[in-house]
Amino acid sequence: MVARAVVALTAVLVLGWLGVMERNVRLQERGAAALRSKGDPAVLARAETDLRRANFLNPSTMPDLSRALVRRAQGRTEASAALLEDVVRREPDNLTAWRVLGLLSPDAAGRSLAAQRRLDPLDAQRR
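Fair warning: this is a prediction, and the values are worked out from it, not measured in the lab.

Draft legend 1. Inspection of the confidence of the model for the chain at higher detail. Summarising the model, the chain shows a mean pLDDT of 90, and 97% of its residues fall at 70 or more. Taking the mean pLDDT of every element in the chain, the minimum, 72, falls on helix H7 (residues 121-126) and the maximum, 95, on helix H4 (residues 77-90).

Draft legend 2. Inspection of helix H3 (residues 62-73) at higher detail. When the terminal C-alpha atoms of H3 are compared, their 17 Å separation across 12 residues agrees well with the 16 Å that a helix rising 1.5 Å per residue should span. Taken together, the buried positions of H3 are occupied by Pro63, Asp64, Leu65, Ser66, Arg67, Ala68, Val70 and Arg71. Turning to H3, the residues buried within the fold contact helix H1 (2-33), helix H2 (41-53), H4 and helix H5 (95-104). Downstream of H3 by one or two residues, glycine 75 has phi in the positive range, about 85 degrees.

Draft legend 3. Fine view of unusual backbone geometry. For leucine 57, which is not a glycine, the phi torsion comes out positive at approximately 55 degrees. Inspection of the secondary structure assignment puts leucine 57 in the loop between H2 and H3.

Draft legend 4. Spatial organisation of the side chain of serine 66. With respect to the helices and strands, serine 66 occurs in helix H3. Residue class for serine 66 comes out buried when judged on its relative accessible area of 8%.

Draft legend 5. Spatial organisation of the pattern of salt bridges. This structure, assessed with the given rule, holds 14 salt bridges. Between aspartate 86 and arginine 90 there is a salt bridge whose closest N-O contact spans 3.2 Å. Taken together, the positions of aspartate 86 and arginine 90, both in helix H4 and four residues apart, correspond to about one turn of that helix. Residue arginine 90 is classed as partly exposed on the basis of its relative accessible area, which comes to 39%. What you see here is one network of salt bridges that share partners, running through Glu48, Arg52, Asp64, Arg67, Arg71, Arg76, Asp86, Arg89 and Arg90.

Procedures and definitions
- Residues numbered from 1 in each chain as written.
- Predicted model: local features only at pLDDT ≥ 70, side-chain atom pairs only at ≥ 80, totals over all residues.
- Heavy atoms only, no water.
- pLDDT = per-residue confidence, 0-100.
- Helix = DSSP H or I, 4+ residues; strand = E, 2+ residues; numbered from the N terminus.
- Expected span 1.5 Å × (residues − 1).
- Buried < 20%, exposed > 50% of the residue type's maximum accessible area, 1.4 Å probe, protein only.
- Contact = heavy atoms within 4.5 Å.
- Salt bridge = Lys/Arg side-chain N within 4 Å of Asp/Glu carboxyl O.

Laid out in structure tokens, this is it:
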């Protein structure tokens with residue numbers, strides 16, 4: 001009887017976690033789609049909220065990368081670079097974050113290029 005209760009509780013917890021992950025994916029997709037809104041301030045504001053909410057129990061940094069692009073589209077370049085700096089601090093091997101940071105922040109271009117060379121030396125040779 002106890003074993004069945006443990007299995008049932010585990011199943012409920014797993015289903016709840018999967019539900020949260022599905023919600024996060026949908027919020028992330030909706031937030032990223034807003035980048036195609038041609039700069040509509042209301043759409044971009046809603047996208048930032050969606051992407052912030054997509055971080056709940058989410059191990060991925062993709063919502064933060066998309067949020068940085070939304071901030072850039074809003075004209076908030078410094079806030080965008082600050083968020084990207086946070087992402088590369090948490091994940092120093094995130095090649096995408098380093099590339100975007102290098103494009104959006106001239107101050108970080110040298111560090112970005114060095115990180116790109118370290119993480120993807122073959123691509124760095126082609127560039």
